[in-house]
Amino acid sequence: MDNFTVITKLPGRLVKFSSPEEVIDLSSENFAEALNFAQEYAEKGGYVVSVLNYRLGEYLVNQAGGTNLGTLLFYKSYSRPQIRPCNDFAVTGIRLSQSRSEYFNAIAEIKSELEAGRTYQVNYTTSVEFNFFGCPLAFFIHSLKTQPTAYNTIIKLQDKHIISATPELFFCAEGRSIYSRPMKGTCRLDQGEDFLKNDEKNIAENVMIVDLLRNDLNRICDNVHVPELLEVEEYKSLYQMTSKICGTLREKSFRKIIEALFPCGSITGAPKKSTMEIIRRVESFERGLYTGSIGLNSKDRMLHAIAIRTVELENGKGRMGAGSGITVCSEPAEEYEETLLKAKFIEAKSEFCVFESILWDSRKREFARLNEHLERIAESLGFFKIPCSREALREKLISEAPGTSCDKRVRLSVNSMGEIAVQVFPFIPWQQGRIGLREVRERPKAFTLHKTSRRLNLDLKNFSEHILHTQAGELLEGSISNLFLRFGEEYFTPPVESGLLPGVERQVYIKERNAKEKRLYLQDLLKADAAVFTNSVRGRIELKIPDAIQPRSSALPASLRGSGL
């Protein structure tokens, strides 16, 4: 994605904004002027995407001046994005920034403030942190499937990607009409909808925030009313309770709406001013965008969503806030579990593993080239920062050795949480047959250099193997093997830098044949005598060229198409 590109559902359908005419970073110095300009720009037919950090609330509520309050992006038009399924990403090492005891200590401090009467509810937040590999756009595309909401958004700001699957509306203003729909009240799906509808604590939280937002809206509106109270909505991993508060604006002013409502009371607590002072003192991390808002202003509408379930990715690290409303009735253990439940937004995206396919040699009663496989998977685990020792891998594999009288393919895998699994499959030998040519798009090196669940999964069908190549015609590897081309008595194989998996059997074959690494292209198939495919489970197979080639590639040169390949 290019810098300052936005893909979002905020207009009611998925659209793409790119190449902004203006970008304004907000500070206490330019806040009022920038928001007034944003309204003027939108009323003339433009579009303004706003990213408002929680820190803006400190400025508006507690007059804490400063910079990094948010960013406004100004666009003349939008386009329809080309979205295709993609899973070129991985999330590992998901963890809370606080230990359980640290969390409990913070809740105890908050409860002392509640008992002293300085607040009625505090929305306490902690940070969920993780490692991120691959393509942020792929992460967003996956969220459209796993966490679909009305406001899914991805924003590229300099070196940072913001990916939001928030379900919570902050406000929507059309003409003089405005409404807000805060979320307050959560339970697991297995607890059932009726539990949430009848739980006194969750009901009390929701009603308290409804009263706060009614007061906020009364600052800028007439006819404030609550047409929907304590509605329950179902999401992928939980139920949420919402209410709807409506009003009629005395003046259509973006700046005055933000000044009256920001930050939303559902993510601070009540009363807002004193509670935010407690939050500043008790919370151990800067909220950033979390619990701020992401919005879109156009000529006819201003629609802003609360930045919950919102991930910030930068330099291979990911962060997301997660929290819950603390009242005098709160039990620390239950609040901790609710925070973990909300972190499942990330876990839903983290179905990822590193694996090795290893031959169980029934004749020798051992795993073939076990040390080499363990060395490679250990390197991959280190790269993806997955906690798992080489000794634990060996012990697990040995303890579940097939012990049969026939060869087997054994899959040793480790998921993103470090959990080891062993699966046993029938051994399938190489078959003499045709070679298919398949063009593949460029992929992140993390998923070509390491054997992971993000590997391409191509059905061999009636082919012995495929030769994968780039759009430019550079040869890479087979779909389940490494590739060598034989020219007389000389052997050449594509270099790892081209974007391929350095297989265990590849290393052995390079030494045996004194093979050289060299960039190879489709045209080289005209000159080669044979293609050799190496796989640590199946071994090696040599197929004659051109007899075995079956072209299936748009990149196949005319000279090859006419040659009988």
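Calculation rules
Residues numbered from 1 in each chain as written. Predicted model: local features only at pLDDT ≥ 70, side-chain atom pairs only at ≥ 80, totals over all residues. Heavy atoms only, no water. Helix = DSSP H or I, 4+ residues; strand = E, 2+ residues; numbered from the N terminus. Contact = heavy atoms within 4.5 Å. Areas by Shrake-Rupley, 256 points an atom, 1.4 Å probe, with all protein chains shown as cover. Lys, Arg positive; Asp, Glu negative; His and termini not counted. Charge placed at Lys NZ, Arg CZ, Asp CG, Glu CD. Buried < 20%, exposed > 50% of the residue type's maximum accessible area, 1.4 Å probe, protein only. Polar contact = N/O pair within 3.5 Å; in protein donor to acceptor, adjacent residues only side chain to side chain. Pairing = 2+ DSSP bridges. Axes fitted to C-alpha atoms, helices over the stretch in contact; angles between N-to-C directions. Salt bridge = Lys/Arg side-chain N within 4 Å of Asp/Glu carboxyl O. pLDDT = per-residue confidence, 0-100.

1. With respect to the overall build of the protein
Step number 1: A tally of helices and strands in the protein yields 14 helices and 32 strands.
Step number 2: Each principal axis of the C-alpha atoms in the protein carries an extent, and together these give about 85 × 55 × 40 Å.
Step number 3: Restricting to contacts in the protein with at least 6 residues of sequence separation, those with at least 24 account for 72%.
Step number 4: Accessible area for the protein stands at about 24,300 Å²; split by element, carbon and sulfur atoms hold 46% of it.
Step number 5: Looking at the protein, you have 76 positive and 73 negative side-chain charges, and the mean spots of the two groups are 5 Å apart.

2. Focus on the side chain of Thr-242
Step number 1: As for its position among the elements, Thr-242 is in strand β14 (residues 238-249).
Step number 2: For Thr-242, a relative accessible area of 1% corresponds to the buried category.
Step number 3: Here the side chain of Thr-242 touches Glu-233 through a polar contact of 3.4 Å, side chain to side chain.
Step number 4: Discounting residues that sit within four places of it in the chain, Thr-242 has contacts with Arg-181, Pro-182, Met-183, Asn-206, Leu-229, Leu-230, Glu-231 and Glu-233.

3. Concerning the sheet that holds strand β28 (residues 490-493)
Step number 1: The five strands lie next to each other as β29-β28-β27-β30-β31, forming an open sheet whose pairing is mixed. Sheet topology places β29 (516-517) and β31 (539-544) at the edges, where each strand pairs with a single neighbour.
Step number 2: On top of the sheet, helix α13 (residues 504-513) reaches β27 (482-487), β28, β29, β30 (530-535) and β31; it is set at about 130° to β30, its chief contact.

4. As for helix α2 (residues 55-62)
Step number 1: Counted residue by residue, α2 has seven buried out of eight residues, so it is predominantly covered.
Step number 2: Three or more residues of α2 are buried, namely Leu-56, Gly-57, Glu-58, Tyr-59, Leu-60, Val-61 and Asn-62.
Step number 3: Where α2 is buried, its residues touch α1 (31-43), β4 (47-52), α7 (254-261) and α8 (272-282).
Step number 4: In the stretch just after α2, Gln-63 is the one whose phi turns positive, near 55°.

5. Describing the pairing of strand β16 (residues 293-297)
Step number 1: Across the five residues of β16, five count as buried, placing the element largely inside the fold.
Step number 2: Across the two faces of β16 the burial is the same, with Ser-293, Gly-295 and Asn-297 and Ile-294 and Leu-296 all buried.
Step number 3: The pairing of β4 with β16 spans five bridges and is classified as antiparallel. Along β16, the bridge assignment pairs Ser-50 with Gly-295.
Step number 4: Here β16 runs beside strand β17 (residues 302-306); their pairing, made up of five bridges, is antiparallel. Following the sheet pairing, Ile-294 is matched in β17 by Ala-305.
Step number 5: Linkage of β16 to β17, two consecutive antiparallel strands, is achieved through a turn of four residues.

6. Notes on the pattern of salt bridges
Step number 1: For the coordinates displayed, the defined rule picks out 31 salt bridges.
Step number 2: Its salt-bridge partner being Glu-113, residue Arg-118 comes within 2.5 Å of it at the nearest N-O pair.
Step number 3: Across the salt bridge formed by Glu-356 and Arg-376, the nearest N and O atoms sit 2.8 Å from each other. Taken together, the positions of Glu-356 in strand β20 (residues 353-361) and Arg-376 in helix α11 (residues 370-383) put the pair 20 residues apart, joining distant regions of the chain. Accessibility classification places Glu-356 together with Arg-376 in one group, the buried group.
Step number 4: Members of the salt-bridge network, linked through shared partners, are Glu-109, Glu-113, Arg-118 and Arg-281.

7. Structural notes on the confidence of the model for the protein
Step number 1: Here the protein shows a mean pLDDT of 91. Residues at 70 or above account for 95%.
Step number 2: Here residues 561-565 scores under 50 on pLDDT; set against residues more than four positions off or in separate chains, the count is nine contacts.

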